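# Structural description and commentary
Letter by letter, the chains look like this.
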Amino acid sequence: MKLDIIGDIHGCYQELITLFIKLGYTQKSGLYQHPDGRKLAFVGDLTDRGPKSINVIKEVATLVEENLAYYCPGNHCDKLYRYFLGRNVQITHGLETTVKELNSLPKIEYEQVRDQFMSLVDSSPLYHVLDNKKIIIAHAGIRSDLIGKTNKRVKSFVLYGDITGETNPDGTPVRLDWAKKHEGCDWIIYGHTPVKKPRFVNRSVNIDTGCVFGGALTALQYPEMNTIQVPSSQPYVEEKFRSFDN
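Residues numbered from 1 in each chain as written. Predicted model: local features only at pLDDT ≥ 70, side-chain atom pairs only at ≥ 80, totals over all residues. Heavy atoms only, no water.

With an unreviewed UniProt entry as reference, the protein chain is termed Bis(5'-nucleosyl)-tetraphosphatase PrpE [asymmetrical], source organism Halalkalibacter kiskunsagensis. In its Cofactor (unreviewed entry) section, the UniProt record describing the protein chain reads: "Ni(2+)". As recorded by UniProt, the Sequence similarities (unreviewed entry) comment attached to the protein chain reads in full: "Belongs to the PrpE family." (UniProt positions renumbered as here; feature names shortened; annotations may be inferred.)

In structure tokens, the structure reads:
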């Protein structure tokens, strides 16, 4: 199995297409495909904050529908899904940019995007266990003892990380560094927490390099474990990146 796993996109559609091309994908019948049969995978958070969330939804959903990619939802995906359900979600933290895009669409196109996105989430697992359990793809990561489970605790972990329930001074949740304690022989590939460069710790890799905050959009190639990046076209926001003591 050969995969190209892409970090949090957050509406950065142009960077996504540039990364596809840099990875060697070309369009065939309107779909990006690799001549060597490599398959794409996405760690979630397709939308919000960036300029073209709808384009990203359409691109990723179509690739998954055609069995050319894997996808697992992120916390922003989960929030948009609940918004489409009509739940009382706060249109903040980036969702407002996606909602503005959606509201500019004709009704029939709005409904098509909504249905395509909801179908994507409905048909995708909370996390992927692939290549005979050698690699796990989960939005915010997962502890080895939770792999194979799908309860509420697991859903919270894979969407938000190992949170304590406490908040930092800036209002963000306090997250424990679960990767430091990962002892499994499986590779866990995730995103969610923006870092300045891909973070390799104990056979885990964080590939959210903050494209929407002016960093880069990163792909991890498996099984080679190479990273390929394209720089962001967005303004750089230093305070959005987390530093770790490895």
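After that view, the rundown keeps rolling.
### Concerning the overall build of the protein chain
A tally of helices and strands in the protein chain yields six helices and 14 strands. The C-alpha atoms of the protein chain give 17 Å as radius of gyration, which agrees with the globular expectation for 246 residues (18 Å, within 12%). Taken along the three principal axes of its C-alpha coordinates, the protein chain extends 50 × 45 × 35 Å. Buried positions account for 54% of the 246 residues belonging to the protein chain. (Helix = DSSP H or I, 4+ residues; strand = E, 2+ residues; numbered from the N terminus. Rg over C-alpha atoms; globule rule 2.2 N^0.38 Å. Buried < 20%, exposed > 50% of the residue type's maximum accessible area, 1.4 Å probe, protein only.)

### Topic: the pattern of salt bridges
Close approach of charged atoms allows side chains of opposite charge to pair. Counting across every chain of the model gives nine salt bridges. Notably, a salt bridge pairs R38 with D4, separated by 3.1 Å at the nearest N-O pair. Placement of the pair is R38 in the loop between β3 (31-33) and β4 (39-42) and D4 in strand β1 (residues 3-6), with a sequence separation of 34 residues. Both residues of the pair, R38 and D4, belong to the buried class. Ionic pairing is found between D78 and R82, a salt bridge with its closest N-O pair at 3.1 Å. One end of the pair is D78 and the other is R82, both in helix α3 (residues 75-85) and four residues apart, which spans about a single turn. A relative accessible area of 13% places D78 in the buried class. Exposure remark for R82: the relative accessible area of 26% places this residue in the partly exposed category. When salt bridges that share partners are traced, they join D4, R38 and E224 into one network. (Salt bridge = Lys/Arg side-chain N within 4 Å of Asp/Glu carboxyl O.)

### A short note on the nonpolar core
Core analysis: the largest hydrophobic core is formed by 48 residues, its most contacted members being I6, I9, F20, F42 and Y71. The biggest single contributor to this core is helix α2 (residues 53-65), with seven residues. Here F20 is in contact with I6, Y25, Y32, L40, F42, E59 and L63, once residues within four sequence places are set aside. Ranked by size, the runner-up nonpolar core spans 16 residues in total, among them W187, I207, L220 and Y222. (Core = buried A, V, L, I, M, F, W, Y, C linked by side-chain atoms within 4.5 Å. Contact = heavy atoms within 4.5 Å.)

### So, the pairing of strand β6 (residues 127-130)
Relative to strand β7 (residues 135-138), β6 is paired through four bridges, and the arrangement is antiparallel. Each bridged residue has a counterpart across the sheet, and for Y127 the counterpart in β7 is A138. (Pairing = 2+ DSSP bridges.)

### A closer look at the packing of α3 against helix α5 (residues 107-122)
Where α3 contacts α5, the axes come no closer than 10 Å and their chain directions differ by 125°. In terms of their interaxial angle, α3 and α5 are classed as oblique. The crossing of α3 and α5 is left-handed. Where α3 approaches α5, its residues C77, L80, Y81, Y83, F84 and L85 are matched on the opposing element by Y110, R114, F117, M118, V121 and D122. (Axes fitted to C-alpha atoms, helices over the stretch in contact; angles between N-to-C directions. Parallel < 35°, antiparallel > 145°, perpendicular 65-115°, else oblique. Left-handed = near helix turned anticlockwise from the far one by under 90°.)

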